[in-house]
Amino acid sequence: MAIDLTPVVPEEVISLGTLIVDLVGVFAGSVLGALQAERRKMDLMGFLVLGLVSGIGGGIIRDTLLQAGPPLALVRPGYLPVAFVGAFAAFLFELRHGPGVKLLATLDALTLGAFAVAGTQRTLEVGLHPGTAVLMGVITAAGGGIVRDVLTRQTPALMRAVPGYYATAALAASLVCIVFSQAGHPKLALLAGMFVGGALRLVSLRLGWRLPV
Amino acid sequence: MAIDLTPVVPEEVISLGTLIVDLVGVFAGSVLGALQAERRKMDLMGFLVLGLVSGIGGGIIRDTLLQAGPPLALVRPGYLPVAFVGAFAAFLFELRHGPGVKLLATLDALTLGAFAVAGTQRTLEVGLHPGTAVLMGVITAAGGGIVRDVLTRQTPALMRAVPGYYATAALAASLVCIVFSQAGHPKLALLAGMFVGGALRLVSLRLGWRLPV
Amino acid sequence: MAIDLTPVVPEEVISLGTLIVDLVGVFAGSVLGALQAERRKMDLMGFLVLGLVSGIGGGIIRDTLLQAGPPLALVRPGYLPVAFVGAFAAFLFELRHGPGVKLLATLDALTLGAFAVAGTQRTLEVGLHPGTAVLMGVITAAGGGIVRDVLTRQTPALMRAVPGYYATAALAASLVCIVFSQAGHPKLALLAGMFVGGALRLVSLRLGWRLPV
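Residues numbered from 1 in each chain as written. Chains lettered and ligands numbered in written order. Predicted model: local features only at pLDDT ≥ 70, side-chain atom pairs only at ≥ 80, totals over all residues. Heavy atoms only, no water.

Trainee: Can you walk me through helix H7 (residues 167-182) of chain A in this structure?
Mentor: Owing to its 3.6 residues per turn, the α-helix aligns residues three or four sequence positions apart on the same side. With 16 residues, H7(A) extends 22 Å from end C-alpha to end C-alpha; this agrees with the ideal 22 Å at 1.5 Å per step. Along H7(A), the residues classified as buried are Ala167(A), Thr168(A), Ala169(A), Ala170(A), Ala172(A), Ala173(A), Ser174(A), Cys177(A), Ile178(A), Phe180(A) and Ser181(A). Those residues of H7(A) that are buried are in contact with helix H5 (100-126), helix H6 (130-151) and helix H8 (186-207) of chain A together with helix H2 (44-66) of chain B. Following H7(A) by one or two positions, Gly184(A) has its phi on the positive side, about 90 degrees. (Helix = DSSP H or I, 4+ residues; strand = E, 2+ residues; numbered from the N terminus. Expected span 1.5 Å × (residues − 1). Buried < 20%, exposed > 50% of the residue type's maximum accessible area, 1.4 Å probe, protein only. Contact = heavy atoms within 4.5 Å.)

Set out below in structure tokens:
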């Protein structure tokens, strides 16, 4: 199991790759969140609020709880503009009935694990317990959707017995990430967590898996 | 009034006692919160979210506002596991119609003052004004319930004219705690606040007291 | 454009003026927020919660996100008592059908820009990007109202296509404030932002302007 990716994949490539995956996830999340505003006949501000909340809300909640500086999404370049562009795109174009939504939903599913892993690793970096890190992974991936559902007056999707795992896929991604991290393989933890989260989301959706009620 | 408890009750016993009361309150809160998921036919994740929010949400909101480090419930051992076990127990067992719910509701009432006192003292420790400390005591005791009610799409119970004081009992506990603290009796403040909060909750429930409308 | 207000208006006058405008806005916001409790037959605690949330909630959210110390509204004297008095006044007096509500609504509109500017400048002080500062200006002005609407189970007003700009007026105020700040005129930024925000709110309400849907 002692797979060392460093000689094969240099540090900067991994950082850049993680950033790209993250921003793809932010974009997909913000477009899909903003489309909820269309369904509810909201105005442009509704699109922007729901888009930003869905795209970067989870990470902001995580960083607010961790209290290790202002939320990364508000400090690092890229996140806020990408979420803004996604929300605005949802307002401008008739995306809801187009083929793009399906692609975006797939990207959203694929990046779910990346969000969970980012939250888990950030929490470990700050020095908190692995159990807390798992919780923070789930909050990073699922927190924005919870706030979006509250703002649109819905029971948060992840608490309802709907088909497809969301928080559960994030939980699995975080757990996998913790196991590999604790075993001394931080880069493998990243990749394995991302893969498990994305795969579990997609497969559970396709097969209609539900949690027990 | 110069009652000094130190010779009678050593410091460690008080710390341990406070921790136990706190964890009993977290457990009762998380079970009772998670039972709201049963009533709404939510899945396992709904139980976990509502249980954690109800058990440790108030303290997390307080610590997020105070900005003196990550929330204690995420840092100190015990809180997160106890809330998790409470939520899971509510999922596994048919608690709702059993005799245990009444006991848990009593424990929840009895520990209300302990939450308020913990929030008040934490705020004073951080160096903020006694008026802010009273507000933080109420938020610690009542904040989790507000978020739980928002997530289940109810008007927060403490804002409705229902019988029994909740936030009001926490407010009284915090005020009593402040008065004794300012008078130089921090340990008595702890006990008196806990007693006043718990007693006022229980008595007001029994006698159907309501706030003016 | 090189208007230097320092010789004309000394620093302390500007600070005092800003504080007074801020507290007038907090008072108006808390009374108007608490009146939502009357409409919903809530008890005294409902008035207090909605009043505090509406009056100081936006600034608290901003400071919680910025993580540069506890929220100013909880640290600086004045804010918490003024919000409390506003909420209590709404409970005691039959304000809803009186002439005072119209005055308060006008004061609320006029101080909207002050809230946005305060949030924008605070974010720049903390060292964050101007784009983040604009977002924080909007959150300061509009955040409390969003939480108030969530607690009263309404879709946040600023997301619905109702007449009158709110978040949009705050956005304009923040943008104006940023432009003047970046051009090296912090005091003019303050005044221009406050004026633009208040004027845009009042004019848009009067003329029934809406955002595109």
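Trainee: Help me understand the layout of surface pockets in this model?
Mentor: Left-over empty space is what a probe sized like a water molecule reveals as it rolls over the atoms. Residues and elements named next belong to chain A. Here the second largest pocket defines a volume of roughly 1,200 Å³. As for the second largest pocket, its lining consists of 48 residues, and the residues nearest its centre are Leu32, Asp108, Arg148, Tyr166 and Arg201. Sorting the residues of the lining of the second largest pocket by element identifies helix H1 (11-39), helix H2 (44-66), H5, H6, H7 and H8 as the ones contributing at least two each. Its residues assigned to classes, the lining of the second largest pocket shows 22 nonpolar, 15 polar and eleven charged. (1 Å grid on protein atoms, 1.4 Å probe; cavity = no way out; pocket = protein on both sides within 12 Å on 5 of 7 lines; lining within 4 Å. Points joined across faces, edges and corners; volume = space filled by probe spheres on them. Nonpolar A, V, L, I, M, F, W, Y, C, P; charged D, E, K, R; others polar.)

Trainee: For this particular structure, what's the right way to read a positive patch on the surface?
Mentor: Taken together, the side chains of Arg153(A), Arg160(A), Arg153(B), Arg160(B), Arg153(C) and Arg160(C) make up a positively charged region of the molecular surface. Looking at where Arg153(A) falls in the secondary structure, it is placed in the loop between H6 and H7. (Patch = residues over 30% accessible without salt bridge, like charges linked within 9 Å, V, L, I, M, F, W, Y side chains within 5 Å. Areas by Shrake-Rupley, 256 points an atom, 1.4 Å probe, with all protein chains shown as cover. Salt bridge = Lys/Arg side-chain N within 4 Å of Asp/Glu carboxyl O. Lys, Arg positive; Asp, Glu negative; His and termini not counted. Charge placed at Lys NZ, Arg CZ, Asp CG, Glu CD.)

Trainee: Sorry if this is basic, but what is going on with a nonpolar patch on the surface here?
Mentor: Residue and element names in this part refer to chain A. The grouping of Phe27, Phe84, Val85, Phe88, Leu92 and Phe93 at the surface amounts to a nonpolar patch, some 550 Å² of accessible area in total. With four residues, helix H4 (residues 79-92) is the single largest residue contributor to the nonpolar patch. By secondary structure assignment, the location of phenylalanine 27 is in helix H1. Overall, phenylalanine 27 belongs to the partly exposed group, its relative accessible area being 31%.

Trainee: Sorry, what's going on with the pattern of salt bridges here?
Mentor: Any two side chains of opposite charge can pair, given that their charged atoms come close. Taken as a whole, this structure holds twelve salt bridges over all chains when the rule is applied. Its salt-bridge partner being Asp63(B), residue Arg122(B) comes within 3.5 Å of it at the nearest N-O pair. Of the two residues, Arg122(B) sits in helix H5 (residues 100-126) while Asp63(B) sits in helix H2, which places them 59 residues apart along the sequence. The two residues Arg122(B) and Asp63(B) agree in class, both being buried. A salt bridge links Asp63(C) to Arg62(C); the nearest nitrogen and oxygen atoms lie 2.9 Å apart. Through salt bridges that share partners, Arg62(A), Asp63(A), Arg122(A) and Glu125(A) make up one connected network.

Trainee: I tried to follow the packing of H1(A) against H5(A) on my own but got confused; where do I start?
Mentor: Helices that pack against each other are described as a pair by the angle of their axes relative to one another and the distance between those axes. Residues and elements named next belong to chain A. At their nearest, the axes of H1 and H5 sit 8 Å apart, and the two run at 130 degrees to each other. Of the possible angle classes, the one that applies to H1 and H5 is oblique. When you trace H1 past H5, the crossing you get is left-handed. Along the contact surface, H1 presents Val21, Asp22, Val24, Gly25, Val26, Phe27, Ala28, Gly29, Val31, Leu32 and Leu35, while H5 presents Val101, Leu104, Ala105, Leu107, Asp108, Thr111, Ala114 and Phe115. Broken down by class, the residue content of the contact of H1 with H5 amounts to 14 nonpolar, three polar and two charged. (Axes fitted to C-alpha atoms, helices over the stretch in contact; angles between N-to-C directions. Parallel < 35°, antiparallel > 145°, perpendicular 65-115°, else oblique. Left-handed = near helix turned anticlockwise from the far one by under 90°.)

Trainee: Where do I start with the relation of the copies chain C and chain A in this structure?
Mentor: Here the two chain copies are tied together by a rotation about an axis and a shift along that axis. Between chain C and chain A, which share one sequence, the superposing operator has a rotation angle of 120 degrees and an axial displacement of 0.0 Å; the RMSD is 0.0 Å. On this basis, the relationship between the two copies can be described by a three-fold rotation axis. Looking at chain C, a mere 17% of its interface residues are interface residues in chain A too, so the copies touch through different faces. (Least-squares fit on C-alpha atoms with pLDDT ≥ 70 in both.)

Trainee: Is there a simple way to explain the packing of H5(B) against helix H7 (residues 167-182) of chain B in this structure?
Mentor: All names here are of chain B. Closest axis-to-axis distance for the H5/H7 pair is 8 Å, and the angle between their directions is 45 degrees. With respect to their mutual orientation, H5 and H7 come out oblique. In the packing of H5 onto H7, the handedness of the crossing is right-handed. Side by side, H5 and H7 meet where Leu112, Gly113, Ala116, Val117, Thr120, Gln121 and Leu124 of the first sit next to Ala169, Ala170, Ala173, Ser174, Cys177, Ile178 and Ser181 of the second.

Trainee: Looking at this structure, how should I read the relation of the copies chain B and chain C?
Mentor: With an RMSD of 0.0 Å, the operation that places chain B on chain C is a rotation of 120 degrees combined with a shift of 0.0 Å along the axis. The share of interface residues of chain B whose copies in chain C are also at the interface is only 17%, consistent with the copies meeting through different surfaces.

Trainee: What is the right way to read the side chain of Thr64(C) from this model?
Mentor: One can find Thr64(C) in helix H2 (residues 44-66). Thr64(C) gets classed as buried once you look at its relative accessible area, which sits at 9%. Within polar-contact distance, the side chain of Thr64(C) engages the backbone oxygen of Ile60(C) at 2.7 Å. Apart from the residues within four sequence positions on either side, Thr64(C) is in contact with Thr64(A), Thr64(B), Leu65(B), Gln67(B) and Pro71(C). (Polar contact = N/O pair within 3.5 Å; in protein donor to acceptor, adjacent residues only side chain to side chain.)

Trainee: Could you clarify how one ought to interpret helix H4 (residues 79-92) of chain B in this entry?
Mentor: The end-to-end C-alpha separation of H4(B) is 20 Å, in line with the 20 Å expected for 14 residues at 1.5 Å each. Within the span of H4(B), buried status applies to Tyr79(B), Leu80(B), Ala83(B), Gly86(B), Ala87(B), Ala89(B), Ala90(B) and Phe91(B). Buried residues in H4(B) make contact with H6 of chain A together with helix H1 (11-39), H2 and helix H3 (72-75) of chain B.

Trainee: Whenever I open this one, the side chain of Arg62(C) confuses me. Can you help?
Mentor: With respect to the helices and strands, Arg62(C) occurs in helix H2. Those residues within four positions of Arg62(C) in sequence are excluded, and the remaining contacts are Leu72(C), Ala118(C), Gly119(C), Arg122(C), Met136(C), Ile139(C) and Thr140(C).

Trainee: Would you mind going over the interface of chain C and chain A with me for this structure?
Mentor: How big an interface is tends to be reported as the loss of accessible area on association of its parts. Contacts between the two partners involve 24 residues from chain C, matched on the other side by 24 residues from chain A. Taken as a group, Leu65(C), Gln67(C) and Met159(C) account for 31% of the area that chain C buries against chain A, more than any other trio of residues on that side. The tally of links from chain C across to chain A stands at zero salt bridges. The tally of links from chain C across to chain A stands at six residue pairs in polar contact (both at pLDDT 80 or more). Contributing elements (two or more residues each) for the side of chain C that touches chain A: H2, helix H6 (130-151) and helix H7 (167-182) of chain C. Examining the composition of the side of chain C that touches chain A, we find that six residues originate from one element, H6(C), more than from any other. Tallied by class, the residues present in the side of chain C that touches chain A amount to 15 nonpolar, seven polar and two charged. (Buried area = accessible area lost by both parts, 1.4 Å probe.)

Trainee: Would you take a moment to explain the packing of aromatic side chains for this structure?
Mentor: By convention here, two paired aromatic rings are described through the distance between centres and the angle between planes. Taken as a whole, this structure holds twelve aromatic pairs over all chains when the rule is applied. Note on Tyr165(B) and Trp209(B): the rings are 6.0 Å apart at their centroids and 45 degrees apart in plane angle, and the pair reads as tilted. Taken as a pair, Tyr165(B) in the loop between helix H6 (130-151) and H7 and Trp209(B) in the segment after helix H8 (186-207) lie far apart in primary sequence, 44 residues in all. Take Trp209(B): its relative accessible area is 35%, and that puts it in the partly exposed class. Centroid distance Phe84(C) to Phe88(C): 6.0 Å. Interplanar angle 15 degrees. Geometry classified as stacked. Note that Phe84(C) and Phe88(C) are positioned in helix H4 (residues 79-92) at a spacing of four residues, about one turn of the helix. Using a relative accessible area of 40% as the deciding quantity, one classes Phe84(C) as partly exposed. Exposure remark for Phe88(C): the relative accessible area of 31% places this residue in the partly exposed category. Here the aromatic residues Phe47(A), Phe84(A), Phe88(A) and Phe91(A) are joined through ring pairs into a cluster of three or more. (Phe/Tyr/Trp six-rings, centres within 6.5 Å; stacked < 30°, edge-to-face > 60°.)

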